[in-house]
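Single-letter residue listing:
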Amino acid sequence: MVDLLIVGQGLAGSVLAYRALQRGWTVHVVDNNYASSASMVAAGMFNPMSFRSVVETWEASQNHTMMLDLFRSMEKEFGVKLMHDLPLVRVFPDSNYRTKWDGKADSLKWIEIAKDDDSVRAPFGTGTVNGCGYVDLPLMLKTVRDALIEKRSFSQQECLAADVVEENSVFSWSNVQAKRIVFCTGAVFNHPLIPIVPNKGEVLTVDADLPNDRILNNGKWLMPHHSGVFRLGATYERLPFADGPTAEVRDSLLRKIGEMVTADINVLKHEAGIRPTTPDRKPVCGKIADGMYVLNGLGTRGVLIVARTVSAFIDYLADDTPLPPEIDVKRYTEK
């Protein structure tokens with residue numbers, strides 16, 4: 001009998017399993033190795049700013065602090081390098097945007113005042129954002145999976161809600177029995193009242209003769225990777241969308257980045273993943289039935305918000321601490 005049966009070993013399921021084990025809980029994780037999940041494809045980038053209005057993202061400081069604590073804890077425990085800090089250089093689209101940026105530079109701790117930058121195509125200048133970078137998600141997922149396998153706490157199989165049998169408050173699936181079950185299944189999660197909205201993102205892995213000490217952003221981003229390549233993305237496409245990567249998106253990404261850099265870009269890989277998003281762009285977690293829970297909808301800022309979301313969810317499971325209303329699944333199920 002385990003404390004938690006976790007369905008899905010993407011970003012949410014992996015962090016939940018890790019934090020649950022730290023609390024001394026027993027877990028079993030089941031995952032079907034869904035290759036097009038967001039966690040498998042995503043660049044893992046984190047950025048505390050929203051550029052459209054030049055504002056901090058939701059609860060940026062607290063999310064950022066808890067993110068650092070989470071991934072540094074993982075690095076220390078497993079002896080791996082997961083976090084890669086990089087400043088982000090935002091290329092301004094026009095002079096009005098530069099004025100707006102400078103008007104907020106004194107009050108926002110993340111951004112520096114605008115400057116002229118002749119290292120990129122930026123006729124209206126650039127602004128630097130600190131506190132950015134990326135987490136090596138493929139390595140994190142593999143590291144957590146290997147630790148679970150070593151504990152005999154992992155199954156690579158399909159697990160549907162219909163496959164789970166509940167009797168006397170005990171959930172049984174395959175040869176696993178659990179006190180509680182948590183669905184962290186990303187965009188494939190299906191519940192009549194919970195609007196998990198699939199959002200397709202395409203990302204390129206490219207080779208380019210460019211500086212590798214900063215992320216560039218002009219509406220799309222070009223991010224150096226520690227392996228020596230660059231990641232280029234990303235797109236945000238709601239249903240209906242075509243399966244897999246598309247030539248049209250590849251070409252549009254290359255054109256957009258070509259507005260910012262002059263270097264030749266050689267495409268090495270083109271991938272597409274499906275993000276789980278919600279209408280209000282906040283995650284959903286909480287009870288969906290007695291003993292059954294959801295932790296999902298991390299969306300495009302999953303790396304930045306996962307630590308705080310999982311922490312609140314575990315406190316809720318452990319002590320019945322109320323979830324923050326902005327992430328509580330009740331905002332959909334009790335309308």
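Report follows, based on the coordinates. Note that the structure is predicted; figures quoted are calculated from it, not measured.

Thresholds applied
Residues numbered from 1 in each chain as written. Predicted model: local features only at pLDDT ≥ 70, side-chain atom pairs only at ≥ 80, totals over all residues. Heavy atoms only, no water. Helix = DSSP H or I, 4+ residues; strand = E, 2+ residues; numbered from the N terminus. Rg over C-alpha atoms; globule rule 2.2 N^0.38 Å. Contact = heavy atoms within 4.5 Å. Areas by Shrake-Rupley, 256 points an atom, 1.4 Å probe, with all protein chains shown as cover. Lys, Arg positive; Asp, Glu negative; His and termini not counted. Charge placed at Lys NZ, Arg CZ, Asp CG, Glu CD. Expected span 1.5 Å × (residues − 1). Buried < 20%, exposed > 50% of the residue type's maximum accessible area, 1.4 Å probe, protein only. Phe/Tyr/Trp six-rings, centres within 6.5 Å; stacked < 30°, edge-to-face > 60°.

Comments concerning the overall build of the chain
Then step 1. Per the secondary structure count, the chain includes eight helices and 21 strands.
Then step 2. What you see for the chain is a C-alpha radius of gyration of 21 Å, in line with the 20 Å of a compact globule of 335 residues.
Then step 3. With respect to the three principal axes, the spread of C-alpha positions in the chain is 70 × 40 × 40 Å.
Then step 4. Across the chain, every contact between residues at least 6 apart in sequence was considered, and the portion connecting residues at least 24 apart equals 73%.
Then step 5. A total accessible area of about 15600 Å² is found for the chain, and carbon and sulfur atoms account for 47% of it.
Then step 6. Averaging the coordinates of the 37 positive side-chain charges in the chain and doing the same for the 41 negative ones gives two points 2 Å apart.

Let's talk about helix α3 (residues 60-78)
Then step 1. Between its first and last C-alpha, α3 extends 27 Å over 19 residues, near the 27 Å set by a 1.5 Å rise per residue.
Then step 2. Among all positions of α3, only Ala60, Asn63, His64, Met67, Leu68, Leu70, Phe71, Ser73, Met74 and Glu75 are buried.
Then step 3. Of the residues trailing α3, glycine 79 is marked for its positive phi of about 70 degrees.

Describing the packing of aromatic side chains
Then step 1. Inspection of the entire model under this criterion finds eight aromatic pairs.
Then step 2. A ring pair is formed by tyrosine 293 and phenylalanine 313, whose centres lie 6.2 Å apart and whose planes are at 75 degrees; its orientation type is edge-to-face. In this pair, tyrosine 293 sits in strand β21 (residues 292-296) while phenylalanine 313 sits in helix α7 (residues 302-319), placing the two residues 20 residues apart along the sequence.
Then step 3. Taking relative accessible area as the criterion, phenylalanine 313 reaches 0% and is therefore assigned buried.
Then step 4. Ring centres 6.2 Å apart and planes at 80 degrees place the aromatic pair tyrosine 293 and tyrosine 316 in the edge-to-face group. With tyrosine 293 in strand β21 and tyrosine 316 in helix α7, the pair connects residues that are 23 residues apart, well separated along the chain. As far as the burial class goes, tyrosine 293 and tyrosine 316 line up, both buried.
Then step 5. Connected via pairs of aromatic rings, a cluster forms that spans Phe51, Phe92, Tyr97 and Trp101.

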